[in-house]
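Residue strings, one per chain:
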Amino acid sequence: MKFRDIPIRRKLTVVILLTSAAMLAFTCAAFFAYEFLTFRRATVQNLSTIGEIVAANSTAALAFDNPDDAREILGALQAQKHIVAAAIYNAQGGLFTKYPATLADSALPARPGPDGYQIGLEGLTSFQPVTHNDRRLGTLFLRSDMSEMRERFQLYGLIVLLVIVGSLLVAFVFSNLLQKRISQPILELAETARAISERRDFSVRAVKHGGDEIGRLTDAFNDMLGQIGEQNGALRESEARLQALNQQLEQRVQERTAQLEGANKELEAFSYSVSHDLRAPLRHIDGFASMLTAHAKGTLDEKARRYINVISESARRMGRLIDDLLSFSRHGRMPLKKIPVRLGNIVQEVLQQLQSETAGRTIEWRIATLPEVTGDVAMLHQVFANLLGNAVKYSRNRADATIEVGTLPGKDGEAVVFVRDNGAGFNPKYADRLFGVFQRLHSESEFEGTGVGLANVQRIIRRHGGRVWAEGEEGRGATFYFSLPCNPAETEGGTENT
Amino acid sequence: MALRVTKTNWRWLRRLQIAVAIGVMPSALTAPVPAEASEFHLSREFQVKAVFLYNFAQFVEWPPSAFDSPTSPLVIGVLGQDPFGNYLDEAVRGEKVNGHPLVVQRFRRVSDIRTCHILFVSGSEGPRAEQVAENLHGRSILTVCDWEGFARRGGIIRFVMEHSHVRLRINLDAAKDAGLTISSKLLRSAELVTGAQ
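Being a predicted model, the structure only gives us computed values, none of them experimental.

Overview of the overall build of chain B
Helix and strand counts for chain B come out as 7 helices and 10 strands. Of the contacts made within chain B by residues no fewer than 6 positions apart, 63% connect residues no fewer than 24 positions apart.

Now the structure itself:
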């Protein structure tokens, strides 16, 4: 685990322990160095003092050539355990006596070295002059092993180890106690932040523990929470206001729609009753015109008969107009009975009904496989009857009429069907007027009709939730499209000739 | 090494000779002793004794009355027949002890002795031991001898041969009578006796 990823608590403990350990290490190192130097100096001092005493005592032994005496004097060194070897050389540099007596001569320097001491691997060695009344009588050699120093330093090492372990233990305990004062507020702050972000409750406040940086952080945190809370409140308020406004608007729309629907229904009911009521006088006109013809058959001249004929014809035409209007009105008011419908079947039925009009004509039919939709069968039948009827009607002046029924890929969940002919077509400028009631782009004498058919188509398709539109050009035919919301699209299609 | 010897460290050479003499002694003892070797030993023995006489000056304190002045000479005397040849003169030549230059004087008779600090009483004085002892009694003279007769009559230090080593035997009472202070170090390396032997 990286240092930056471990918890703050442990970081603090580690920092404190490392600092303590470093401090202790430095202190102990300084202590050791000081002790080493002091001890070495003391050892040298000690050795030189002992040497001076021994040298002073052994002057007579040297002067009067008494090695036994000298040996005895050196024997006193037994009390100094760290002195492992000693020797006295006479003025000529010859070995005079040695200590311990059993020591091999080879273990001692063959000749005395220069006065002074030396610290080497074997320990401390020193050569000191033996003089009497400023007369040099010989040289004293002493060798002290460092065992005393070693023992002492082993003891120091043990003490230092105990001190370090003890100090670190104490530091650990203290750091554990003290780090809480630093880490606890941070942890609490973090915990508070977590709780707030989980519960989205901005009214919670972190507890401030003091005036230090963490205290300032807590203050800033609480201020921030306050600001967030305020903004949140304002946001909610404006949201509520917006919602209220929206509801109001919706309500108003509903009211208007209801008003509109009411007005529309009233209007339709009115037009229905008007149309219905108009039929009775029309029947009278037609009936009485026929009766007049029958009654005055012999008295009426050719001109009078023609006039009566025109009256009858007009009355019948007006009757058709009224019928169409009634049917248009009915299509707007009758409830839709929606079931799955195969458009292909409807097209076949309509073609059968159109046989009387297509008899004796050469028409190339191209009918693609049409999708299945959900809709009212009778009404959709009416749509195809109108569109195909128009196609047959407006292409009758062409010797090689071609009528195509196909589908296009529409938008999602939409089936687009078109009916295309190569007949008279229309001026695209007036394309939007095609679907209006009683709107006609060709004269009655050229192509008969009441001008209600396409209005019916539009009304039926709209009631199914679809759209209608048309493309065309004068003399080049027209294409009528309608779209219907469909079940999963099955708008595959090739062209089929009949 | 002797080739490098010059006048200035002539004293060093002298000590070397002594050391050689001491070093050779033990081996000489174990071997059959020819007459010439014995004579050689004898001369070495006196060489050592001469140095010892000189060393006594270092380890003995005389009362201030023994010296006329702080710079007056310290006299090492030889009474009777001198066995040292020139060893003694060589040993003390140019030496000083506590500011007193060392001087060697030879006396034929004890009555000749005026100023003397260390006196070697030669064995030749045997027949006159009584007279000599009487004459020197009460004077601050460190008397040294190597024969028993005089030691018994008040001689302070006696050279004793022991395994061809020269050893010292010191009569503390005699030293006290003479008003001399002998260094404890010297006493340490000597055999001590008291009273008349």
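Still to come is the rest of the account.
What about the sheet that holds strand 10 (residues 414-421) of chain A?
Residues and elements named next belong to chain A. Spatially, 7-9-10-12-11 is the arrangement adopted by the 5 strands of the open sheet, whose pairing is mixed. On the outer flanks of this sheet lie strand 7 (363-367) and strand 11 (467-472), each paired with one strand and no other. Adjacent strand axes in the sheet meet at a mean angle of 15 degrees, parallel and antiparallel pairs treated alike. With 6 bridges joining them, strand 11 and strand 12 (residues 478-485) adopt antiparallel strand pairing. Directly across from Gly472, in strand 12, lies its bridge partner Ala478.

Here we look at the sheet that holds strand 10 (residues 191-193) of chain B
All names here are of chain B. The 8 strands are arranged 3-4-2-5-6-7-8-10 in an open sheet whose pairing can be described as mixed. The open sheet has two edge strands with one neighbour each: strand 3 (96-97) and strand 10. Where strand 8 (residues 165-171) lies against strand 10, 3 bridges are found, and the strand directions are parallel. Across the sheet, residue Asn171 finds its bridge partner in strand 10, namely Val193.

A few points about the interface of chain A and chain B
Taken together, the contact between chain A and chain B spans 17 residues of the former and 21 residues of the latter. A buried area of about 1700 Å², summed over both sides, lies between chain A and chain B, and 51% of it is on carbon and sulfur atoms. Counting across the chain A and chain B interface gives 2 salt bridges. Residue Arg188(B) is joined to Asp69(A) by a salt bridge in which the shortest nitrogen-to-oxygen separation is 3.0 Å. At the junction of chain A and chain B, the tally comes to 9 residue pairs in polar contact (both at pLDDT 80 or more). Contributing elements (two or more residues each) for the side of chain A that touches chain B: helix 1 (8-57), helix 2 (59-63) and helix 3 (67-75) of chain A. Along the lines of polarity and charge, the residues of the side of chain A that touches chain B split into 7 nonpolar, 6 polar and 4 charged.

Topic: unusual backbone geometry
For the bond from Tyr99(A) to Pro100(A), the omega torsion is -10 degrees, close enough to zero to count as cis. Among the secondary structure elements, Pro100(A) is positioned in the loop between strand 2 (95-99) and strand 3 (116-120). A positive phi angle, close to 55 degrees, is found at Arg200(A), a residue other than glycine. Summarising the element assignment, Arg200(A) is placed in the loop between helix 4 (147-199) and helix 5 (213-295). Relative accessible area serves as the criterion here: at 59%, Arg200(A) is assigned to the exposed category. Unusually for a residue other than glycine, Asn98(B) sits at a positive phi of about 50 degrees. Considering the arrangement of structural elements, one finds Asn98(B) in the loop between strand 3 and strand 4 (100-107).

Regarding a nonpolar patch on the surface
A grouping of Val170(A), Phe172(A), Val173(A), Phe174(A), Leu177(A) and Leu178(A) is seen on the molecular surface, where their side chains present a nonpolar patch of about 560 Å² in accessible area. Mapping Leu178(A) onto the fold places it in helix 4.

Some details on the nonpolar core
Residues Phe56(B), Ile118(B), Leu142(B) and Ile156(B) are the most contacted members of the largest nonpolar core, which totals 70 residues. Here the element with the most residues in this core is helix 2 (residues 35-59) of chain B; it accounts for 9 residues. Those residues in contact with Ile156(B) that lie beyond four places of it in its chain are Ile141(B), Leu142(B), Thr143(B), Arg169(B), Ile170(B), Asn171(B), Ala174(B), Ala175(B), Ala178(B), Leu180(B) and Ile182(B). Judged by nonpolar contacts, the second largest core, of 40 residues, contains Ile363(A), Ile367(A), Ala401(A) and Phe480(A).

Comments concerning helix 10 (residues 453-463) of chain A
One turn of an α-helix holds 3.6 residues; hence residues three or four places apart share an orientation. Residue and element names in this part refer to chain A. Along helix 10, the positions that sit buried rather than exposed are Leu454, Ala455, Asn456, Val457, Gln458, Ile460 and Ile461. The elements touched by buried residues of helix 10 are helix 6 (302-333), helix 9 (377-394), strand 11 and strand 12. Gly465, located one to two residues past helix 10, shows a positive phi value of around 90 degrees.

Considerations on the side chain of Glu125(B)
When you line up the elements, Glu125(B) lands in the loop between strand 5 (118-121) and helix 4 (129-136). Contacts of Glu125(B), omitting those with residues within four sequence positions, involve Leu79(B), Gly80(B), Arg108(B), Val132(B) and Trp147(B).

Remarks on the environment of Leu343(A)
Residues and elements named next belong to chain A. On the secondary structure map, Leu343 appears in helix 7 (residues 343-353). Of the residues examined, Leu343 reaches a relative accessible area of 0% and is grouped as buried. Expressed as a C-alpha distance, the spacing of Leu343 and Phe384, which sit 41 residues apart in the sequence, is 9.0 Å. Leaving out residues up to four positions away in the same chain, Leu343 has contacts with Leu370, Pro371, Val373, Leu380, Phe384 and Val417.

Quick notes on the packing of aromatic side chains
Within this structure, the stated rule accounts for 22 aromatic pairs over all chains. Ring geometry for Phe435(A) against Phe480(A): centres 6.2 Å apart, planes inclined by 85 degrees, an arrangement best described as edge-to-face. Taken together, the residues span a long stretch of sequence, with Phe435(A) in the loop between strand 10 and helix 10 and Phe480(A) in strand 12 at a distance of 45 residues. With relative accessibility at 10%, the residue Phe480(A) sits in the buried group. Within the aromatic cluster, the residues linked to one another by ring pairs are Phe64(A), Phe46(B), Phe52(B), Phe56(B), Phe59(B), Phe84(B), Phe120(B) and Phe159(B). Residue placement shows Arg459(A) over the ring face of Phe328(A); its charged tip is 4.2 Å from the ring centre.

Thresholds, definitions, all that
- Residues numbered from 1 in each chain as written.
- Chains lettered and ligands numbered in written order.
- Predicted model: local features only at pLDDT ≥ 70, side-chain atom pairs only at ≥ 80, totals over all residues.
- Heavy atoms only, no water.
- Helix = DSSP H or I, 4+ residues; strand = E, 2+ residues; numbered from the N terminus.
- Contact = heavy atoms within 4.5 Å.
- Pairing = 2+ DSSP bridges.
- Axes fitted to C-alpha atoms, helices over the stretch in contact; angles between N-to-C directions.
- Buried area = accessible area lost by both parts, 1.4 Å probe.
- Salt bridge = Lys/Arg side-chain N within 4 Å of Asp/Glu carboxyl O.
- Polar contact = N/O pair within 3.5 Å; in protein donor to acceptor, adjacent residues only side chain to side chain.
- Nonpolar A, V, L, I, M, F, W, Y, C, P; charged D, E, K, R; others polar.
- Buried < 20%, exposed > 50% of the residue type's maximum accessible area, 1.4 Å probe, protein only.
- Patch = residues over 30% accessible without salt bridge, like charges linked within 9 Å, V, L, I, M, F, W, Y side chains within 5 Å.
- Areas by Shrake-Rupley, 256 points an atom, 1.4 Å probe, with all protein chains shown as cover.
- Core = buried A, V, L, I, M, F, W, Y, C linked by side-chain atoms within 4.5 Å.
- Phe/Tyr/Trp six-rings, centres within 6.5 Å; stacked < 30°, edge-to-face > 60°.
- Lys NZ or Arg CZ within 6 Å of the ring centre and 35° of its normal.

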